[in-house]
Amino acid sequence: MRKKDHESSARPRLLILVDESNVGSSVRTAGRGLDWLKLRDFLAGPATGRELIEMVVYAGLPPAIPIWQEERDKKNKFMHWLRSNGFMVVTKDGAPAEEGRYKANVDVMMAIDALELSVEMQPDVVILVTGDADFAYLAIKLRRRGIRVEVASVAQNLGNMLKSTANEVIDLAPLFRTFEMMKIQDSAPPPLRPPQQRPQSQRGRGVRFRPSS
């Protein structure tokens, strides 16, 4: 059983872990730009009654090679913006893939950190902002530590295994619909996209629903 030195606290302690590529892909599918400040406020703002410990964003960077340097500089600039606005950022260098794309899988880093941070920070609740079913076993491991696990995603990108292992699913679709329409010319490139395609980020609120039995 976990020993907490914050048991007298009225507000549950919250840790949020974000798969930047996964959530970015979901919001781009809706034709919107991702507003990180509104996303954080929706998940952990005063209205939630929770105390945010950290919101950690895991992001892949374009490869450190000349052909990707311009996109890498833009992504690093965005990572700096996230850090300067209070987000904790963990990055991984990508590797060239087929058809002018790149791949940077952060799943392992995110899963390891989730277990380590659950010991170090002792959150009451962990929100996994991803729909990737590969995180289903992580959700089970966290719940076995007595931690409530919630998954924030959109229905079409949410794996059934992850949905079934979470205590609750937070539907981000209504929130995404409040974000501004994406401006292609200003957008930043996601992993696994050719350099020419560049979606972006902007700023809402959604509906929670519980997984069906």
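Residues numbered from 1 in each chain as written. Predicted model: local features only at pLDDT ≥ 70, side-chain atom pairs only at ≥ 80, totals over all residues. Heavy atoms only, no water.

> Is there a simple way to explain helix α3 (residues 69-84) in this structure?
Along an α-helix, residues three or four apart share an orientation, since each turn contains 3.6 residues. Here α3 spans 22 Å end to end across 16 residues, near enough to the 22 Å set by a 1.5 Å rise per residue. Here α3 has its buried residues at Glu71, Arg72, Lys75, Phe78, Met79 and Leu82. Summarising the axial view, the buried residues of α3 lie within an arc of 125 degrees, below the 170-degree limit, and thus occupy one face. Exposed and facing more than 90 degrees away from the buried side of α3 are Lys77, His80 and Ser84. Where the residues of α3 are buried, they touch α1 (20-29), α2 (36-44), β2 (51-61), β3 (88-93) and β5 (102-103). (Helix = DSSP H or I, 4+ residues; strand = E, 2+ residues; numbered from the N terminus. Expected span 1.5 Å × (residues − 1). Buried < 20%, exposed > 50% of the residue type's maximum accessible area, 1.4 Å probe, protein only. Arc of directions from axis to C-beta. Contact = heavy atoms within 4.5 Å.)

> Please clarify how the confidence of the model for the protein chain should be interpreted in this entry.
Interpretation of the predicted coordinates at a detailed level should be avoided for regions scoring low in pLDDT. Mean pLDDT over the protein chain stands at 84; residues scoring 70 or higher make up 81%. Element-level pLDDT for the protein chain is lowest in strand β9 (residues 207-209), with a mean of 44, against a maximum mean of 98 in strand β6 (residues 125-129). (pLDDT = per-residue confidence, 0-100.)

> Help me out: how do you make sense of the nonpolar core in this one?
In summary, soluble globular proteins display a tendency toward joint burial of nonpolar side chains. Ile16, Trp36, Leu43, Ile127, Val129 and Leu172 are the most contacted members of the largest nonpolar core, which totals 31 residues. Broken down by secondary-structure element, the contributors of at least two residues to this core are β1 (13-19), α1, α2, β2, α3, β6 and α7 (173-176). The dominant element in this core, judged by the number of residues it contributes, is α2, at five residues. Each residue touching Ile16, except ones within four places of it in the same chain, is listed here: Leu43, Ala44, Leu52, Glu54, Met55, Val56, Ile127 and Val129. Judged by nonpolar contacts, the second largest core, of 23 residues, contains Val106, Leu117, Ala139 and Val149. (Core = buried A, V, L, I, M, F, W, Y, C linked by side-chain atoms within 4.5 Å.)

> Looking at this structure, I do not really get the side chain of Arg13. What am I missing?
One can find Arg13 in strand β1. No salt bridge forms around the buried Arg13; measuring N to O, its nearest opposite-charge neighbour Glu51 is 4.1 Å away. Of the polar contacts made by the side chain of Arg13, one reaches the backbone oxygen of Met121; its length is 2.5 Å. (Lys, Arg positive; Asp, Glu negative; His and termini not counted. Salt bridge = Lys/Arg side-chain N within 4 Å of Asp/Glu carboxyl O. Polar contact = N/O pair within 3.5 Å; in protein donor to acceptor, adjacent residues only side chain to side chain.)

> For this particular structure, what's the right way to read the environment of Ala136?
Position of Ala136 relative to the elements: it lies in helix α5 (residues 136-144). Separated by 26 residues in sequence, Ala136 and Leu162 place their C-alpha atoms 4.3 Å apart. Apart from the residues lying within four places of it in its own chain, the contact partners of Ala136 are Met161, Leu162 and Thr165.

> I'm lost on the pattern of salt bridges in this one. Help?
A side chain of one charge can pair with a side chain of the opposite charge if their charged atoms are brought near each other. Scanning the entire structure with this criterion turns up six salt bridges. We note a salt bridge from Lys74 to Glu70, for which the minimum N-O separation is 3.6 Å. In this pair, Lys74 and Glu70 both sit in helix α3, four residues apart, roughly one turn of the helix. The salt bridge partner of Arg72 is Asp93, with a shortest N-O separation of 3.1 Å. Here the residue Arg72 occupies a position in helix α3, and Asp93 occupies one in strand β3, the gap between them amounting to 21 residues.

> How do you make sense of the environment of Leu82 when you look at a structure like this?
By the element assignment, Leu82 lies in helix α3. Residues Leu82 and Val57, spaced 25 residues apart in sequence, show a C-alpha to C-alpha distance of 8.5 Å. Other than its neighbours up to four places away in sequence, Leu82 contacts Trp36, Val57, Phe87 and Val89.

> For this particular structure, what's the right way to read helix α4 (residues 107-121)?
Over its 15 residues, α4 runs 20 Å from end to end, which matches the ideal 21 Å to within 8%, given 1.5 Å per residue. Among the residues of α4, Asp107, Met110, Ala114, Leu117, Ser118 and Met121 are the ones counted as buried. Packed against the buried residues of α4 are β1, β2, β6 and α5. Looking one or two places after α4, you find Gln122, whose phi comes out positive at around 50 degrees.

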